[in-house]
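Residues per chain are reported as follows:
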Amino acid sequence: MAPEEEEVPAEIRDSLRAFQAAERGIEAALEPLMSAPRVERQNTLDPLEQAKLDLMSAYTLNSMFWMYLVCQGVNPKMHPIKQEMDRIKTHMQRLKEITDRKKMAKLDKGVASRFVRNALWTAEPDRATGKEAE
């Protein structure tokens, strides 16, 4: 055990180890994004994918700052970071609505009008009286 670990209470030590493992996982997940220049990544993505990447990056950085504030004993709910996180979440929701709208089935008005016209029942006139049958 390192001398620093002996100073940390046992009940906190496990939490710190789990936090360090999670931090290494985040670093590994972000490595592909951080290894290539931003301009290179943007040239290969369409505008919606670029927006998703930018929002994910902003959300990740702000989440990490949120954790930093918590570690410093600052209540992040009373800090301007709360409004920034809410703003990012709003943009994420708008982007989700846009992508969902693109996935929706398109209505072909010509086909729909022919379908409705052919599906409607029309009464044929009675040949004897010339009036429509009831």
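Residues numbered from 1 in each chain as written. Predicted model: local features only at pLDDT ≥ 70, side-chain atom pairs only at ≥ 80, totals over all residues. Heavy atoms only, no water.

- Within the UniProt record for the protein, the comment given under Subunit (unreviewed entry) is "Monomer and homodimer."
- The Function (unreviewed entry) comment attached to the protein in UniProt states, word for word, "Plays a role in the recruitment of the exosome to pre-rRNA to mediate the 3'-5' end processing of the 5.8S rRNA." (UniProt positions renumbered as here; feature names shortened; annotations may be inferred.)

**Here's the deal with the overall build of the protein**
So, step 1. Across its full length, the protein carries six helices and zero strands.
So, step 2. Reading the secondary structure of the protein in the N-to-C direction produces α-α-α-α-α-α.
So, step 3. With 134 residues in all, the protein has 10% of them scored as buried.
So, step 4. For the protein, the accessible surface area stands at approximately 11400 Å², while carbon and sulfur atoms represent 58% of it. (Helix = DSSP H or I, 4+ residues; strand = E, 2+ residues; numbered from the N terminus. Buried < 20%, exposed > 50% of the residue type's maximum accessible area, 1.4 Å probe, protein only. Areas by Shrake-Rupley, 256 points an atom, 1.4 Å probe, with all protein chains shown as cover.)

**Digging into the packing of aromatic side chains**
So, step 1. Summed over all chains, the structure comprises one aromatic pair.
So, step 2. Measuring from ring centre to ring centre gives 6.0 Å for phenylalanine 65 and tyrosine 68, while their planes differ by 25 degrees; the resulting arrangement is stacked. Note that phenylalanine 65 and tyrosine 68 are positioned in helix α4 (residues 47-71) at a spacing of three residues, about one turn of the helix.
So, step 3. Looking at phenylalanine 65, the relative accessible area reads 34%, which means it is partly exposed. (Phe/Tyr/Trp six-rings, centres within 6.5 Å; stacked < 30°, edge-to-face > 60°.)

**A few points about a nonpolar patch on the surface**
So, step 1. Where nonpolar side chains cluster on the molecular surface, the patch consists of Phe19, Ile26, Leu61, Met64 and Met67 and spans about 440 Å² of accessible area.
So, step 2. Broken down by secondary-structure element, the contributors of at least two residues to the nonpolar patch are α2 (10-35) and α4.
So, step 3. The exposure class assigned to phenylalanine 19 is partly exposed, which follows from its relative accessible area of 41%. (Patch = residues over 30% accessible without salt bridge, like charges linked within 9 Å, V, L, I, M, F, W, Y side chains within 5 Å. Salt bridge = Lys/Arg side-chain N within 4 Å of Asp/Glu carboxyl O.)

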